[in-house]
Amino acid sequence: MRRVPRSPNDQARNDQALRRRRLPAKWLAAALITAAVALLAPGMSYVTAGQSGAAATTTAAMNPATAGCRGVSQALLPANGFITNPSRAQGGHLWWRRSADGSVCIGTVIMWAQYNATAARTWRVIVYSARHPGGLTVASRMFTLKRGWYWWGFGVHQAYQGLSAVCVTATESFGMSCVHFSGPAG
C-alpha cells in the first residue's frame, strides 16, 4: 500500500478543524470554572488570574461568633490607581448589612488589582470605625504576580459598631479604594 501525499489545502482544512474542536473545550473549561467559583461557600477565598504564580500567606481575622455575618447589599469600591478591574469601572465590591443593634456586618470583600510588572504586594482590607479611627487591617494576603489584572475575595464576616469606611489597598503605591458608611438610619 502506498501512502498518498496530502495537498496543502487538505492540511489547512485539518488544522482548521483541530482549532474548531479546541474552542468548545476552552469554553467548557471556562464555564466549569465559573460554576465552581459560584458554588464556593461564603468565606472561601480564591484568586482568579490569567497568569499563575501566586505565592500567598493569609492573615484573616475571623471570629467564630460572627461566622454567620453575611452581607445582603452590594456596594461598589471605586477604581483608584492600580485598584481597578480591566474596564476601570470599579476597584471591587463588598457585601454588607446593617444589624438591628446599629452595627454593620461586612461579608465578602472582592478586590481587583492591576499589575504592570511582576511584583510582590500585600492586599489588605481595612475597616475604619469608632473603635479603630486609624484603621484596622481585618484581612490581608501577600501575592507575587506577573503583569495583568487579578481579583481576590476576602471573607471578612464581622460586624462593626460605628463603622465609617471599608477600604482596600495593595500597598500605598497602588492606591486605596473605600466605601463610606453613615450612621444608622432612623
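Each remark here, short or long, concerns the structure printed above.
Small disclaimer: the values here were computed from a predicted structure and weren't measured.

Calculation criteria
Residues numbered from 1 in each chain as written. Predicted model: local features only at pLDDT ≥ 70, side-chain atom pairs only at ≥ 80, totals over all residues. Heavy atoms only, no water. Helix = DSSP H or I, 4+ residues; strand = E, 2+ residues; numbered from the N terminus. Buried < 20%, exposed > 50% of the residue type's maximum accessible area, 1.4 Å probe, protein only. Disulfide = S-S within 2.5 Å. Contact = heavy atoms within 4.5 Å.

Chemist: Give me the lowdown on unusual backbone geometry, citing residues and values where you can.
Modeler: For Arg 88, which is not a glycine, the phi torsion comes out positive at approximately 60 degrees. Topologically, Arg 88 is positioned in the loop between strand 3 (73–77) and strand 4 (92–98). Notably, His 157 is not glycine yet its phi reads approximately 50 degrees, a positive angle. When you line up the elements, His 157 lands in strand 8 (residues 148–160). His 157 gets classed as buried once you look at its relative accessible area, which sits at 3%.

Chemist: Residue-level account of the state of the cysteines, with values.
Modeler: Inspection of every chain in the model, using the stated rule, returns two disulfides. Linked covalently through their sulfurs, Cys 69 and Cys 105 form a disulfide whose S-S length is 1.8 Å. What sets the handedness of the Cys 69 and Cys 105 disulfide is the S-S torsion sign, and at about 135 degrees it is right-handed. Placement of Cys 69 in the loop between strand 2 (58–60) and strand 3 and of Cys 105 in strand 5 (residues 104–115) is noted, with a sequence separation of 36 residues between them. In this structure, Cys 69 and Cys 105 share a single accessibility class: buried. A disulfide bridge connects Cys 167 with Cys 178, and the sulfur atoms are separated by 2.0 Å. What sets the handedness of the Cys 167 and Cys 178 disulfide is the S-S torsion sign, and at about 110 degrees it is right-handed. One end of the pair, Cys 167, is in strand 9 (residues 163–170); the other, Cys 178, is in strand 10 (residues 176–180), and 11 residues separate them in sequence. Cys 167 gets classed as buried once you look at its relative accessible area, which sits at 2%. Indicated for the protein is the disulfide connectivity 1-2, 3-4, based on numbering the bonded cysteines in sequence order.

Chemist: If you had to explain the environment of Arg 121 to someone new, which residues and values would you point to?
Modeler: Relative to the helices and strands, Arg 121 resides in strand 6 (residues 119–129). The exposure class assigned to Arg 121 is partly exposed, which follows from its relative accessible area of 22%. For the pair Arg 121 and Thr 171, spaced 50 residues apart in sequence, the C-alpha separation works out to 6.3 Å. With near-sequence residues (within four places) excluded, Arg 121 lies in contact with Tyr 115, Arg 141, Met 142, Phe 143, Ala 170, Thr 171, Ser 173 and Phe 174.

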